[in-house]
Amino acid sequence: MAYRFPPDWLEELRQRADIVQVVSGYVNLKQTGTRFVGLCPFHNETAPSFSVDSQKQLYYCFGCKAGGTVFDFIKDIEHLKFQEAVTYLADRVNMPLPEMANDNEYYERRSKRERIYLANKAAALIYHKTLWEPEGAKVLEYFKSRGLDDRTITMFGLGAAPNNNILISHLKNEGFNESELLEANLISNKKGKYFDVFRNRALFPIIDLYGNVLGFGGRALNDSLPKYLNTSETLAFNKRKTVYAANLLRKQKGLNRVLLVEGYMDVIALTQYGLNGVVATLGTALTKEQAQLMGRFAPEIHICFDGDDAGQNAIDKAIKIFDDAKITTRILVVPDKMDPDDYIRKFGKDKFNAIKTMNTITYRVKRAKKGLDMSVDEVRVNYAKKCSEILAELDDPVEIESQIKNIMIETGFSREVLLAQIAVEKPGIHKAFIKKEIDKKRTISKNTTKDIDIPAAEQLLLAVLMSKKLPFDTFDENLFSSELLKNTFKEIQNNKSAALILDETTKEEDLTVLNRIFATVVPDEVNELMQMAQDCVIKIKRQKLSDELKKMQENLNNLPQEKQVEEMYKATKILEQLKKLT
Ligand SMILES: [Zn+2]
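Residues numbered from 1 in each chain as written. Predicted model: local features only at pLDDT ≥ 70, side-chain atom pairs only at ≥ 80, totals over all residues. Heavy atoms only, no water.

A.B. asks: Looking at this structure, how should I read the overall build of the protein chain?
C.D. replies: In terms of regular secondary structure, the protein chain is built from 26 helices and 16 strands. A compact globule built from 582 residues would reach a C-alpha radius of gyration of about 25 Å, whereas the protein chain, at 32 Å, exceeds it by more than 25%. Here the protein chain holds 582 residues, and 45% of them are scored as buried. Across the protein chain, contacts joining residues at least 24 apart in sequence account for 63% of those joining residues at least 6 apart. Accessible area of the protein chain: about 30200 Å², with a carbon and sulfur share of 52%. Counting 85 positive and 82 negative side-chain charges, the protein chain places the averaged centre of each group 2 Å from the other. (Helix = DSSP H or I, 4+ residues; strand = E, 2+ residues; numbered from the N terminus. Rg over C-alpha atoms; globule rule 2.2 N^0.38 Å. Buried < 20%, exposed > 50% of the residue type's maximum accessible area, 1.4 Å probe, protein only. Contact = heavy atoms within 4.5 Å. Areas by Shrake-Rupley, 256 points an atom, 1.4 Å probe, with all protein chains shown as cover. Lys, Arg positive; Asp, Glu negative; His and termini not counted. Charge placed at Lys NZ, Arg CZ, Asp CG, Glu CD.)

Right, dumping it as structure tokens:
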């Protein structure tokens, strides 16, 4: 891994962020000796093959071969890059990043942010409680009229803001002062008087990936404007950086797509009907940061916006943003211009899931045709040109071919003419190709990683030496046939921890081997360890000698007569050595 963090600092973080505690946040672990076992969070299983070694501070799954340090665990389970995983863990254990260590302003900002989270959470609880009280009856009625059941209402923490100010007195009782509530944008100050920002509204708490309440979306119940009001930006809330229902996204494993819809109610209704991975933007157009966040959780994004023109225009913009972020996107158009929320309530989950999605090219070609009068020659020419422009972005000949067929029928132009037009438009950059390469990378999972062919005895010997209970000078690096094991042997000898060795290993196939070796269970007793090590050494030496012998036999016939005798003499010597080794 590339180091941006000083190794000492990283080591301290590793110690503070104890792997057993961190993993316990995700997996139910049971202790056996220095190991903890549980069901693997990275693949589906019914019998536990996932283990955490508290001594080595490593985890390993004997089923899917996932393994590594606490940083790898967070990286994989939270879908983060290595550096993000480190930052995330540092944040969890309250360890300032190296560059922040002496920055007082950072601490101040940070503690203010924490206070806003807490105030928001307290407010969310008050609003949710109010929903079930007489003051919240109108809001509850609204949610019920949209078909939401109690379980869903609780799952999303929905709430009611009554027509009067309820926050200030409640939150002051809980230890918050006015300036904190102003910073959280929960209250406003008009001519020296404080008012709740949300009044007479149905409230949707906006929660981030980690369960922090960032702010609220509020829908007016009467004709007040704006109809939708979101918490304005605070130290803790940046609308561009998160999506609605991000907290649920993180809990849902192995999504094959994230479904991006327009409104909070769409997210909630689709989730109630059993769909996973549904999110919405926060009342603004899609941003690059949001696209990247979604891209972390599934290999493709399906966009499902409202059937009106505004919704369809928003799709055009979203396609561009996902394209730029190199994220595969498909479009889901709900029939009859219905909103997804209305559709699923009327027809149910299965019907909704059966709606065919289309790739963005098909969608754009369809869009280009909309409202055109194809009986006019000029219109047909322009349409054909527009389509060629879109198809020129494709590199997949099969896809181009299938699209061209439709355009031929619609425009009356021949295949050759259309292909010629595409060739004119074809830009230098092969966008579609680049995207495919990236997709390939994204779908390579741990268990498909190629395993290097390393003799089992060498691997076991290294595992035994990893115990650091045997004198290293009785073993020689040349016992190991691969550079990887040779180097690792030297690193163990230099007292490097297994976790550090893994952090410094970059090649995926090397990691697979090392993870397995470090996870091997070896005896505690020194005598047993020594016996095991000696057995390994004998096996390794025998293997080397018999390999040598085999090679000699293969070459024997190619040698001149006198050389053959010499070789056979050598061979008997090797055989003698081999016998001694049994
Ligand atoms: Zn596994």
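A.B. asks: Teacher, can you tell me more about the pattern of salt bridges here?
C.D. replies: Two side chains of opposite charge can pair, provided their charged atoms sit close to one another. Taken as a whole and assessed by the stated rule, the structure comprises 24 salt bridges. Measuring nitrogen to oxygen at the nearest pair gives 2.7 Å for the salt bridge that ties Arg115 to Glu180. With a gap of 65 residues between them, Arg115 in helix α5 (residues 104-131) and Glu180 in helix α9 (residues 178-183) connect regions that are remote in the sequence. For Asp342, the salt bridge is made with Arg345, and the minimal N-O distance between the two is 3.3 Å. Remark: Arg345 and Asp342 occur in helix α14 (residues 340-347); sequence separation between them is 3 residues, near one turn of the helix. The class of Arg345 is partly exposed, set by a relative accessible area of 28%. Through salt bridges with shared partners, a single network forms among Arg146, Asp341, Asp342 and Arg345. (Salt bridge = Lys/Arg side-chain N within 4 Å of Asp/Glu carboxyl O.)

A.B. asks: I would appreciate a short explanation of the coordination of the zinc ion in the present structure.
C.D. replies: In an ideal octahedron of six donors the angles at the metal are 90 or 180 degrees, and in an ideal tetrahedron of four donors they are 109.5 degrees. Those donors, Cys40 (SG), His43 (ND1), Cys61 (SG) and Cys64 (SG), are the protein atoms that reach the zinc ion, and they lie 2.1 to 2.3 Å from it. Donor residues binding the zinc ion come from one chain and are separated in sequence as C-x2-H-x17-C-x2-C. Of the two residues, His43 is situated in the loop between β2 (35-38) and β3 (50-53) and Cys64 in the loop between β4 (58-61) and β5 (67-68); the sequence distance between them amounts to 21 residues. Since its relative accessible area comes to 23%, His43 is described here as partly exposed. In this structure Cys64 comes out as buried when scored by relative accessible area, which is 6%. (Donors = N, O, S within 2.8 Å, 3.2 Å for Na, K, Ca; no water.)

A.B. asks: Please clarify how helix α3 (residues 70-77) should be interpreted in this entry.
C.D. replies: Three- or four-residue spacings in an α-helix give side chains the same orientation, since the helix completes a turn every 3.6 residues. With respect to burial, α3 is a largely interior element, 6 of its 8 residues being buried. Residues Val70, Phe71, Asp72, Phe73, Ile74 and Ile77 constitute the buried set of α3. His79, located one to two residues past α3, shows a positive phi value of around 55°.

A.B. asks: Looking at this structure, I do not really get the domain arrangement of the protein chain. What am I missing?
C.D. replies: In many reports, interface size means the accessible area that the parts give up when they come together. Domain assignment breaks the protein chain into domain 1 (7-100), domain 2 (105-237), domain 3 (239-355), domain 4 (362-443) and domain 5 (456-580). Taking only C-alpha atoms, the centre of domain 3 and the centre of domain 5 are 54 Å apart. (Domains from an automatic or database assignment.)

A.B. asks: I keep staring at the sheet that holds strand β9 (residues 201-207) and nothing clicks. Help me out?
C.D. replies: Within the open sheet, the 4 strands sit side by side as β6-β9-β10-β11. Their pairing is antiparallel. Two strands lie at the open edges of the sheet, namely β6 (159-161) and β11 (228-230), each paired on one side alone. Between one strand axis and the next, the sheet turns by 30° as a mean value, whatever way the strands run. Packing against the sheet, helix α6 (residues 137-145) makes contact with β6, β9 and β10 (213-220), and its axis sits at approximately 70° to β9. Each of β9, β10 and β11 is contacted by helix α11 (residues 264-272), which is oriented at about 75° to β9, the strand it contacts most. (Pairing = 2+ DSSP bridges. Axes fitted to C-alpha atoms, helices over the stretch in contact; angles between N-to-C directions.)

A.B. asks: How do you make sense of the side chain of Thr488 when you look at a structure like this?
C.D. replies: Among the secondary structure elements, Thr488 is positioned in helix α22 (residues 483-493). When neighbours within four sequence positions are excluded, Thr488 is seen to be in contact with Leu462, Ile501, Leu514 and Phe518.

A.B. asks: Teacher, can you tell me more about the pairing of strand β12 (residues 258-261) here?
C.D. replies: Put simply, side chains in a regular strand alternate between the two faces of the sheet. Of the two faces of β12, both are covered, the one formed by Val258 and Leu260 as well as the one formed by Leu259 and Val261. Pairing between β12 and strand β14 (residues 300-304): 4 bridges, direction parallel. Bridge pairing links Val261 to Cys304 in β14. Bridge analysis of β12 against strand β13 (residues 278-280) gives 3 bridges, and the strand direction is parallel. Bridge assignment links Leu260 to a residue of β13, and that residue is Val279. On the question of chirality, the crossover connecting β12 to the parallel β13 by way of α11 is right-handed. (Right-handed = clockwise from strand over helix to strand, strands pointing away.)

A.B. asks: What am I meant to see in the environment of Leu209 here?
C.D. replies: Summarising the element assignment, Leu209 is placed in the loop between β9 and β10. The exposure class of Leu209 is buried, given its relative accessible area of 7%. Once the C-alpha coordinates of Leu209 and Ala246 are considered, the two residues, 37 residues apart in sequence, prove to be 4.9 Å apart.

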